[in-house]
Amino acid sequence: MSEKSTPQLILDKAIDLSVNPTGSGFPISIFPSKIQKIIREVNDCYGFPIDYVGAAMLVAVSVAVGNTHLARMKEGWDESAILYMALIGRPGANKSHPLSFAMRPFVEHDYEQNRIYEKQYLEYQDQLDMSRKERAEKGIEVCPREPVRHRFLVSDITPEGLSLVHSQNRRGLCLLSDELSAWVKNFNRYNNGSESEFWMSVFNHKVAMSDRKSNQSGVFIANPFLCVIGTIQPKVLGELAAGNRNANGFMERFLFVVPDDQSKVKWNSERKTPSFDIVAAWREIISKLTDIVPATDTNGNIIPENVLFASEAFDRLVKWQNEYTDKCNADESDTQTAIASKLEIYAVRFCLLLAVADWATGAKKKKAIDPATVERSIRLTEYFRVTAAKVQCIIGENGLTDVQLAVMSELPDKFTTAEGVAIASKNGIPERTFKRFLREKRGVFFSRDSHGTYTKF
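Attention here is on the structure that accompanies the text. From a predicted model like this one, the values you see are computed outputs, not experimental measurements. (Residues numbered from 1 in each chain as written. Predicted model: local features only at pLDDT ≥ 70, side-chain atom pairs only at ≥ 80, totals over all residues. Heavy atoms only, no water.)

**Section: the packing of aromatic side chains**
- The full count for this structure, using the stated rule, is 27 aromatic pairs.
- When the centroid spacing of 6.1 Å and the interplanar angle of 25 degrees are considered together, the rings of phenylalanine 26 and phenylalanine 31 count as stacked. Neither residue differs from the other here; phenylalanine 26 and phenylalanine 31 are each classed as buried.
- Here the aromatic rings of tryptophan 183 and tryptophan 199 are separated by 5.3 Å at their centres, their planes lie at 80 degrees, and the arrangement is edge-to-face. In this pair, tryptophan 183 sits in helix H7 (residues 180-185) while tryptophan 199 sits in helix H8 (residues 195-203), placing the two residues 16 residues apart along the sequence. Accessibility assignment for this pair places tryptophan 183 and tryptophan 199 in one class, buried.
- Its end group placed over the ring of phenylalanine 203, arginine 349 keeps NZ or CZ at 4.3 Å from the ring centre.
- For arginine 385, the ring lying beneath its charged end belongs to tyrosine 324, and the centroid distance is 3.4 Å. (Phe/Tyr/Trp six-rings, centres within 6.5 Å; stacked < 30°, edge-to-face > 60°. Buried < 20%, exposed > 50% of the residue type's maximum accessible area, 1.4 Å probe, protein only. Helix = DSSP H or I, 4+ residues; strand = E, 2+ residues; numbered from the N terminus. Lys NZ or Arg CZ within 6 Å of the ring centre and 35° of its normal.)

Pasting the structure below:
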């Protein structure tokens, strides 16, 4: 959507072009300068792709924020910072290392907390072995309480397991999966429930409930905050979309990172080291957020702080949403409309994350969403709109017949309906069939520029 040219916007575009000369990569200018510097150093010294590093760090900020803050659009409409992210790349594209770097502060935290928990659990078992009299004599509670393991990350876990872990970690959790395809393959492995629906519900930051007929273990999470991030190869994207997940809203809830360059990364013989301690610098930013002690109610539930929109910022976001809604209505593409519906939610969440990131890095003293924050959020959202279209193309191509693939390869980047019909007819596809294909795949393989004129993605 149209942007008003400002000195800051010109500078931001120059920053993005300096790391992504094609202008199609992850816009690191959306971050405050301290985070930009870390991303540059990681890329320059270790060769980690900008897109993966930037996206993974965005999720890390989300995990650190958790249930402590909400973006307040208006009374009755608050958005959390929940993100679902998939880093897509061929084998050797260097997806896992950026993810590990971004999540390192949480891994370190969880490791230390697990060490503490193991010690406390041994003490707890010793106390259980004592008689009530012995516990009283030693000043120990008559009924010892089992210790709790504090954590930010989970991996191989069922919704039932999440219900327990989340009740002990109400700030929130992140499901970290090095292979997202393996995660979805394990859906419903222990029951006949619908795990994808569970994750769709959690995305909305609403009460998550699920009752099982086969056993007594249900799921109830009053105030869920669960992020998801992992890697996946393009050739197995179909597994993420399988089981109707590309039609029921599951896929649209994911943000996809698909760098233009999918080449295997070469080792660099130059032993270049960062100009500053990037691990410590990143840990400091994340710690500024995780050190926030939120208010709680009498039941121990977190009372989030509302981050407010300035009036002009709110108006700008509404204008952007209305402009793209008009485009969706004109295009009549169900795929693009479904993508847009979730991305406009993400745009609000990005505003929250960027505002809090500014505060955590000292770029701004107050946690508030101003017009500049909205502009950065819009740029980030438009990046993910492009990558969502790429993913739909990848999934769609896997389901095409040889004849359809032949037609797709012959279609020019821009074409008219008549030109498309002629190419289809040459390959044995009737006019009516091609027009139906054109209509059904609008938003997947094509965008409509005007009546009868299309652009191929």
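Here the narrative resumes.
**Quick word on the environment of asparagine 268**
- Positionally, asparagine 268 belongs in the loop between strand S9 (255-257) and helix H10 (278-290).
- A relative accessible area of 58% means that asparagine 268 is categorised as exposed.
- Taking C-alpha positions, asparagine 268 is 41 Å from tyrosine 117, a pair spaced 151 residues apart along the chain.

**Describing the sheet that holds strand S14 (residues 446-450)**
- Within the open sheet, the three strands sit side by side as S13-S15-S14. Their pairing is antiparallel. A strand with exactly one partner marks an edge of an open sheet, and here the two such strands are strand S13 (414-416) and S14. If you compare each strand with its neighbour and ignore which way they point, the axes differ by 35 degrees on average.
- Two elements, S13 and strand S15 (residues 453-456), share three bridges in a ladder whose sense is antiparallel. Considered in S15, the bridge of phenylalanine 415 is made with tyrosine 454.
- Along the sheet, helix H15 (residues 417-426) makes contact with S13 and S15, crossing S13 at roughly 90 degrees. (Pairing = 2+ DSSP bridges. Axes fitted to C-alpha atoms, helices over the stretch in contact; angles between N-to-C directions. Contact = heavy atoms within 4.5 Å.)

**Here's the deal with unusual backbone geometry**
- In this structure, histidine 205 takes a positive phi of about 60 degrees despite not being glycine.
- The topology assignment puts histidine 205 in the loop between H8 and strand S6 (208-210).
- You can call histidine 205 buried: its relative accessible area is 15%.
- Here the phi dihedral of asparagine 244 falls at roughly 75 degrees; this positive angle occurs in a residue that is not glycine.

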